[in-house]
Amino acid sequence: MRCPRTNIELTKLMVGGIEVFSSANGGVFFDNRQIFNFSDPSLKRALVLAEHLAALPDTDVDLTARINCPKCPSIVMMRRFFTPLHLVEIDECPSCAGIWLDPKELNKIHDNHLTAKEKQLLVNQQANNHGFIHFEIPTNRFSQRGIKKNHNKNTESLVEIALASFLD
């Protein structure tokens, strides 16, 4: 496999019995779901990998460019947020679910890691603020000019049916 940023051969590493691939510029490729073995900074293997990547020299690469998956070279990786706080954006392959972290992104994940209690508080906060949809039907939704009475009654009935089915 080759680095998607520099096109240099990736180095295979065994960290805590888990195989990952690192680039000479500090990027790292995780196979399907392996990133979760390294995302918690309290895990020794996560710290060991972060120290190894931090020791690698920085190179000047365009981190905004779209990249292809090291494992599936013909597939362009998707950019998505790794954490619910939307602080760390990662590259994920839609084909093999591999994850590419650019230099220093693993450190960002560690810096923004949430404990189980913090995650539960965040879930509760999101449910209270954004989880429930509330909307009101505007009173002036339809102009009264040119609308027959039956049409207005039918419209009100349709709105009531829609609301009832939505709220159920």
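Draft legend 1. Seen up close, the pairing of strand β1 (residues 11-15). Bridge analysis of β1 against strand β2 (residues 18-22) gives five bridges, and the strand direction is antiparallel. By the bridge assignment, K12 is partnered in β2 with F21. Hairpin connection between β1 and β2: a loop of two residues separates the two successive antiparallel strands, and G16 in this loop has a positive phi of roughly 60 degrees.

Draft legend 2. Focus on the nonpolar core. If you look at the biggest cluster of nonpolar residues, it comprises 18 residues, and the most contacted ones within it are V20, F30, L49 and L101. Counting residues per element, the ones that place at least two in this core are β1, β2, β3 (28-30), α1 (44-55), β6 (99-101) and α2 (105-111). A total of three residues in this core trace back to one element, the largest contributor, which is α1. Apart from residues no more than four positions distant in its own chain, V20 is found in contact with T11, K12, L13, V15, V28, F29, F30, Q34, F38 and L49. Listed in part, the 11 residues of the second largest apolar core include C69, C72, C93 and W100.

Draft legend 3. Just the sheet that holds β2, in detail. With antiparallel pairing, six strands are arranged side by side in an open sheet as β1-β2-β3-β6-β5-β4. Whereas interior strands pair on both sides, the edge strands pair on one side only; in this sheet they are β1 and β4 (78-81). Taking the axes of each pair of neighbouring strands and ignoring which way they run, one obtains an average angle of 35 degrees across the sheet. Looking at chain direction, β4 and strand β5 (residues 89-92) are connected through four bridges and run antiparallel. Looking at the pairing, R80 lines up with I90 of β5. The sheet strands contacting α1 are β1, β2 and β3, and the helix crosses β1 at an angle near 150 degrees.

Draft legend 4. The pattern of salt bridges, seen in detail. Summed over the entire model, instances satisfying the criterion amount to nine salt bridges. The closest approach of N and O atoms between K71 and D31, which form a salt bridge, is 2.9 Å. In this pair, K71 sits in the loop between α1 and β4 while D31 sits in the loop between β3 and α1, placing the two residues 40 residues apart along the sequence. On the basis of relative accessibility, which here comes to 25%, the residue D31 falls in the partly exposed class. Its salt-bridge partner being R80, residue E92 comes within 2.3 Å of it at the nearest N-O pair. Here E92, found in strand β5, pairs with R80, found in strand β4; they are 12 residues apart in sequence, far enough to count as distant. Overall, E92 belongs to the buried group, its relative accessible area being 16%. By relative accessible area, which is 28% here, R80 ends up partly exposed. Several salt bridges converge on common partners, so that one network encompasses R5, R79, E89, D91 and D102.

Draft legend 5. Structural detail: the environment of E105. Along the chain, E105 turns up in helix α2. For E105, a relative accessible area of 8% puts it in the buried group. A sequence separation of 77 residues divides E105 from V28, and the C-alpha atoms of the two residues are 9.3 Å apart. Not counting chain neighbours up to four residues away, the residues in contact with E105 comprise R79, V88, E89, I90 and W100.

Basis of the calculations
- Residues numbered from 1 in each chain as written.
- Predicted model: local features only at pLDDT ≥ 70, side-chain atom pairs only at ≥ 80, totals over all residues.
- Heavy atoms only, no water.
- Pairing = 2+ DSSP bridges.
- Helix = DSSP H or I, 4+ residues; strand = E, 2+ residues; numbered from the N terminus.
- Core = buried A, V, L, I, M, F, W, Y, C linked by side-chain atoms within 4.5 Å.
- Buried < 20%, exposed > 50% of the residue type's maximum accessible area, 1.4 Å probe, protein only.
- Contact = heavy atoms within 4.5 Å.
- Axes fitted to C-alpha atoms, helices over the stretch in contact; angles between N-to-C directions.
- Salt bridge = Lys/Arg side-chain N within 4 Å of Asp/Glu carboxyl O.

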